[in-house]
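Structural characterization, general
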Amino acid sequence: MIMTTNAELTSSYWRHDRICNLDLWDLSVAQPPFFFPHMSKLIKENVLTASKMLPPGSFFFMLLFTGAACSERVCSYREVLDHLNMTTQSTLYSMTRPIKDYKKPTVVSLEVILYAILDVRELDQTFIPYVWIFTRWQNDHISWDPEQFCGMKNISLPTELFWKPDLTIEEMIEKDKAPPIPYLTILSSGHVQVKNDQVLLSTCKLHIYQFPFDRQSCNLTFKSVVHPSGELQLLHMLSSAEATKWSREVMRTRNEWIFIGMTVVNKTSSVFGIEQDMIVYTISMKRRPMLYIINFLLPILFFLALDLASFFISDRGGEKLSFKVTILLAITVMQLILNEILPCSSNKIPLIVVYCIGIFALMMLSLLETIFVMYLMGKDRGGEDVGDQTEKKSPSCSCICKVPTDENSPEMLTDGRLTESSSLGRLSDETNDLIKAFTRLLDSKKENEDKPGYWTRLTVKINTVFFIIYLTAVSLFLAVISFIWQMNHQE
């Protein structure tokens, strides 16, 4: 059987006591040993001397008492800070890159999670997302053993105490006005973690050719401002599928845009001969078109249907012409509204603009056809007016010609009695002929009023042919526009 002396037990107790950051001075006055280092050494020597005077086995009670004290010990963050010497040399951690060998690059892990798509402005070509940015890097000057500090593995400290990578976003045109998170987390292994949420106002090249059935992709490019790739390296731990999954889980907003996915790629750029690492996050999204369909596309289609219905209005009055002009002005108002939405710097003419201009051109052709038809009908009305004036003059002339010039002629007085009977018979015959002539004149005039003129009959044919051509052109135009929209939307 192996016997253990009191000196060996005392030495074992001292080692055990150092693990718990306690000594015999702690048990008597309850003060940490680093405040009285010379007293701790003196007490240790006294304990080793006194342990030789104790009977064998009596020191086990001291070990049991010390174990109970160690299990009930409470640790504070101040002990870790004192261990890291943060109270006296805290500025040294924020001045330079946290490495022991300057040739070694600092590896920064960067992860971005999309929390919300706040706005996409077509006129300004800007993209406003709300993102969470997670960064992590190794600090070679920071580490501790958690077992010496009651299992404490991390601690949160102000961000200004430590060096942070100078990351920027190339597409950002305005900095976030909200203050950054004031704390970061350091781990016992020396890793530093920073979580920050930002509302970014970034530029994005929007392709509005398929508006409002468009899909957009906007980039967020992260890189260092001054450090080349030999000093600072960027990498991402989450894949594109994992970043998309996390973004979909945390996303809360459901506005005009639908989040499709996110891709992340590492790149290297060379600016002024300096190579730098970059991480490019590409956010893909598509627009909800229902609002634009109801408020814009359908009203223009209804105006076109009204223009088609105007062909059933009579051309004799001016109601048809004024109706078509009113519809044309309504289309012009819709185009002004569209001009306030779409940017002026588009490479291609958007399909919705082609849709509006095409319908506007078709309705203008319909208006010109109405004006031409009314002109032709006016020629017929002009011919009828001339005929009426001629008919009004001819009866008066005939009456003047048949009125006798001299009622008291000597010949009529002399031969009055002899020719009275023959004159009465001749007058009755002439009266009958005159009545028949008036009857035929009235019948012919009635027939002319009921029977349309040549130009009026021609306008009926023109209206029929133009309506068929107009309806065919409208159907083909709408079919082609819908097909192009559908093809681009599937791509």
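None of these values were measured; they are calculated from a predicted model.

**Regarding the pairing of strand β2 (residues 126–138)**
Looking at chain direction, strand β1 (residues 106–121) and β2 are connected through 12 bridges and run antiparallel. Within β2, the residue paired with Leu110 across the bridge is Thr135. The turn linking β1 back onto β2 is made up of 4 residues, and Gln125 within it adopts a positive phi angle of 60°. One ladder, built from 2 bridges, connects β2 with strand β8 (residues 201–203); its direction is antiparallel. Bridge pairing links Thr126 to Thr203 in β8. The sheet contact formed by β2 and strand β7 (residues 191–199) spans 9 bridges and is antiparallel. Within β7, the residue paired with Trp132 across the bridge is Asp197.

**Notes on the confidence of the model for the protein chain**
Per-residue confidence for the protein chain gives a mean pLDDT of 77, with 71% of residues at or over 70. Every residue in residues 57–61 is under pLDDT 50, and counting partners more than four places away or in other chains gives 7 contacts.

**Quick notes on the state of the cysteines**
Considering all chains together, one arrives at 2 disulfides under this definition. One disulfide bridge connects Cys204 with Cys218, the sulfur atoms lying 2.0 Å from each other. Between Cys204 and Cys218 the sulfur-sulfur dihedral comes to about -90°; the bridge is accordingly left-handed. One end of the pair, Cys204, is in the loop between β8 and β9 (215–224); the other, Cys218, is in strand β9, and 14 residues separate them in sequence. Judged by relative accessible area, which is 1%, Cys218 ranks as buried.

**Description of unusual backbone geometry**
A cis amide bond, omega 5°, links Phe211 with the succeeding residue Pro212. As for its position among the elements, Pro212 is in the loop between β8 and β9. Of note in this structure, Gln125 is not a glycine but carries a positive phi near 60°. Examined against the element boundaries, Gln125 turns out to sit in the loop between β1 and β2. Judged by relative accessible area, which is 16%, Gln125 ranks as buried. In this model, Cys150 sits at a positive phi of 60°, which is unusual for a non-glycine residue. With respect to the helices and strands, Cys150 occurs in the loop between β2 and β3 (154–158). Since its relative accessible area comes to 43%, Cys150 is described here as partly exposed.

**With respect to the pairing of strand β11 (residues 257–271)**
Sheet topology places β11 next to strand β12 (residues 274–287); 14 bridges connect them, and they run antiparallel. Within β12, the residue paired with Trp257 across the bridge is Arg287. The hairpin formed by β11 and β12 contains 2 residues between the paired strands, and Phe272 there has a positive phi angle of roughly 55°.

**Let's talk about the sheet that holds β11**
With antiparallel pairing, 4 strands are arranged side by side in an open sheet as β4-β9-β12-β11. The open sheet has two edge strands with one neighbour each: β4 (167–169) and β11. Strand-to-strand twist of the sheet, defined as the mean angle between neighbouring strand axes without regard to direction, takes the value 20°. In this structure, β9 lies alongside β12, joined through 9 bridges in antiparallel fashion. Counted as the bridge partner of Ser217 is Ser284 from β12.

Conventions and cut-offs
Residues numbered from 1 in each chain as written. Predicted model: local features only at pLDDT ≥ 70, side-chain atom pairs only at ≥ 80, totals over all residues. Heavy atoms only, no water. Pairing = 2+ DSSP bridges. Helix = DSSP H or I, 4+ residues; strand = E, 2+ residues; numbered from the N terminus. pLDDT = per-residue confidence, 0-100. Contact = heavy atoms within 4.5 Å. Disulfide = S-S within 2.5 Å. Buried < 20%, exposed > 50% of the residue type's maximum accessible area, 1.4 Å probe, protein only. Axes fitted to C-alpha atoms, helices over the stretch in contact; angles between N-to-C directions.

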